[in-house]
Amino acid sequence: MKKKKIFATLLAAAMTMSMLAGCGNQDAPAGNSGDAGNDGGSTQEQQSEQETEQESQQESDQEEVQEQVLKVAAFEGGYGSDMWHEVVAAFEASHPGVKVELTIDKKLEDVISPGMKAGDYPDVVHLATGREAALTETLTKENALLPLTDVLEMTVPGESVKVKDKIVSGFTDTLATNPYGDGVTYYAPMFYSPCGLFYNAGLFKEKNWEVPTTWEEMWALGDKAKEEGIALFTYPTTGYFDAFTYATLSSAGGPDFFDSCMTYEDGVWESENATKVFELIGKLAQYTEGTTVANANNDNFTKNQQLILDNKAIFCPNGTWLPEEMKDAPRADGFEWGFMAIPAVNEGGAGCSFCWFEQMWIPAAAENQDMAKEFVAYMYSDEAARIFAGSNAIQPIVGVSDYLEGDNKLFYSIYDNGATAVMGGFAATAPVEGANMLDTLCGTVNSIVSGDKTVAEWQAAVEEVSDKFRAAME
């Protein structure tokens with residue numbers, strides 16, 4: 001921009017000198033030819049007009065070249081859409097010449113998939129794994145994502161620290177960021193949320209109940225609550241059993257066993273540790289509120305979440321976005337959010353909390369890859385983190401607790417209170433037609449609760465699908 005102003009100033013000075021020369025010809029003594037002077041002035045005026053038009057055209061062309069359009073597509077989750085508009089505005093302000101075209105939708109896959117099939121890809125996509133449409137997983141299996149390992153070495157825009165040093169330790173050493181298990185990052189970790197069991201702490205005070213720390217205590221509480229017409233458990237949809245199951249798997253057999261499950265090790269789902277988890281969930285199904293299955297879908301899931309606000313169920317697995325999602329919902333007198341880890345599967349073990357986080361990625365076919373990486377790096381700036389935190393979307397960056405207040409201080413202190421953090425997910429493989437590991441593992445829970453399938457049938461089906469994905473890894 002400064003070069004353009006200098007160019008314009010020099011050009012204007014040259015034009016002024018030319019115009020003065022023209023005036024000198026018009027004021028020349030009588031010995032000069034008046035006609036020749038007028039013709040010369042007219043020619044110079046035309047030349048000046050042409051130069052002005054050329055300058056305007058050059059400036060217009062330069063502005064067109066300088067403005068870079070970056071297409072960003074973001075999933076609108078429980079945090080809302082306002083924060084994305086604010087972050088985009090801040091990014092544009094810090095990157096003159098960049099215009100962000102923002103697409104936000106609750107069903108983002110439906111919006112961007114048609115264009116992608118036609119070759120029109122967003123430059124940056126915020127869309128987590130584990131969703132029903134599985135768009136992120138599909139592109140991963142097709143090797144259609146851009147590696148982001150070099151982004152970790154970039155300096156956070158507007159700061160003096162590298163991205164890798166800004167992200168909380170451990171978040172880039174997991175299958176949830178390095179889906180091929182080869183140490184290469186393809187997903188940038190976004191809003192993280194300790195997942196656990198939410199409950200009404202006010203109800204425990206009212207009933208003088210103790211918060212259970214073991215599954216034996218959970219079953220005892222369930223029996224006691226049943227006498228008062230209160231169910232022990234509910235869940236929004238079966239999709240929420242990914243975090244629940246991951247935590248119980250790690251609790252049952254430790255992190256190495258969890259990784260074996262996530263990488264489809266032969267026989268892992270038939271093992272003793274896996275059997276503990278299947279049977280535990282099977283027993284929990286007997287303590288689940290009766291209307292849960294009917295409402296466990298994308299249209300009615302909030303009705304299940306409402307059960308704990310109405311004291312019709314005690315525990316509900318979820319992430320830290322739940323209070324914001326239900327902020328306008330009615331609730332029982334004295335309601336107070338409570339949050340706990342999943343009780344340990346083995347006696348003497350620690351409770352576990354799966355740390356669920358969303359992901360941002362760049363399609364390999366993105367047109368503006370360099371600026372897309374700049375945008376991803378900006379996501380870890382203090383400026384962006386403060387904006388996101390204003391909507392309770394917490395970035396996994398060092399010092400983020402400085403931005404937290406209220407309930408979030410309770411939720412994000414779960415690991416400070418002794419819970420073991422669990423992170424990761426299923427390893428990416430080549431596509432397996434007709435098979436979906438998450439759907440088989442988690443989606444079957446509705447059938448377990450309703451009694452349409454037995455735990456043994458469920459366990460066998462998971463092992464069978466795992467075998468198919470293991471073959472797809474080789």
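Read on for an overview of the structure. Since the model is a prediction, treat every value here as computed from it, not as a measurement.

Take empty space enclosed by the protein next. Scanning all chains against the criterion turns up 1 cavity of 30 Å³ or more. Contributing to the lining of the largest cavity are L148, V151, L152, V163, I167, T185, A188, P189, V376 and Y380. Contributing elements (two or more residues each) for the lining of the largest cavity: α6 (149–152) and β4 (188–194).

At their nearest, the axes of helix α10 (residues 241–262) and helix α11 (residues 272–285) sit 9 Å apart, and the two run at 150° to each other. Taken together, the axes of α10 and α11 are roughly antiparallel relative to one another. Considering only the axes of α10 and α11, their crossing is right-handed. Facing α10, whose interface residues are F241, F244, T245, T248, L249, A252, G253 and F257, α11 presents N273, A274, V277, L280, I281 and L284. Taken together, the residues that form the contact of α10 with α11 break down as 10 nonpolar, 4 polar and no charged.

Of the pockets and cavities examined, the second largest pocket occupies roughly 360 Å³. Contributing to the lining of the second largest pocket are 20 residues, with Y192, V400, Y412, Y415 and D416 lying nearest its centre. Where the lining of the second largest pocket is concerned, the elements lending two or more residues are β4 and α17 (407–411). The class makeup of the residues in the lining of the second largest pocket is 13 nonpolar, 5 polar and 2 charged.

A word on helix α13 (residues 301–309). Within α13, 7 of the 9 residues are buried, which leaves it mostly tucked inside the rest of the structure. Of the positions making up α13, those classed as buried are F301, N304, Q305, Q306, L307, I308 and L309. Downstream of α13 by one or two residues, N311 has phi in the positive range, about 60°.

One open sheet accounts for 4 strands, arranged β6-β7-β5-β8; its pairing is mixed. Edge positions in the sheet fall to β6 (231–233) and β8 (337–340), since each of these pairs with one other strand and no more. For this sheet, the mean inter-axis angle between neighbouring strands, taken without regard to orientation, is 25°. Two strands pair when backbone bridges link them, and strand β5 (residues 196–200) and strand β7 (residues 313–318) are joined in this way by 3 bridges, in the antiparallel orientation. Looking at β7, one finds that G196 is bridged to N318.

The next subject is the pattern of salt bridges. This model, assessed by the stated rule, comprises 12 salt bridges. Between K164 and E153 there is a salt bridge, with its nearest N and O atoms 3.2 Å apart. Of this pair, K164 sits in helix α7 (residues 163–166) while E153 sits in the loop between α6 and α7, placing them 11 residues apart in sequence. The salt bridge partner of D467 is R470, with a shortest N-O separation of 2.9 Å. Here D467 and its partner R470 are both found in helix α20 (residues 455–473), 3 residues apart, which amounts to about one turn of the helix. Ionic contacts of the salt-bridge type, sharing partners, join the residues E153, K162 and K164 into one network.

Parameters and conventions
Residues numbered from 1 in each chain as written. Predicted model: local features only at pLDDT ≥ 70, side-chain atom pairs only at ≥ 80, totals over all residues. Heavy atoms only, no water. 1 Å grid on protein atoms, 1.4 Å probe; cavity = no way out; pocket = protein on both sides within 12 Å on 5 of 7 lines; lining within 4 Å. Points joined across faces, edges and corners; volume = space filled by probe spheres on them. Helix = DSSP H or I, 4+ residues; strand = E, 2+ residues; numbered from the N terminus. Axes fitted to C-alpha atoms, helices over the stretch in contact; angles between N-to-C directions. Parallel < 35°, antiparallel > 145°, perpendicular 65-115°, else oblique. Left-handed = near helix turned anticlockwise from the far one by under 90°. Contact = heavy atoms within 4.5 Å. Nonpolar A, V, L, I, M, F, W, Y, C, P; charged D, E, K, R; others polar. Buried < 20%, exposed > 50% of the residue type's maximum accessible area, 1.4 Å probe, protein only. Pairing = 2+ DSSP bridges. Salt bridge = Lys/Arg side-chain N within 4 Å of Asp/Glu carboxyl O.

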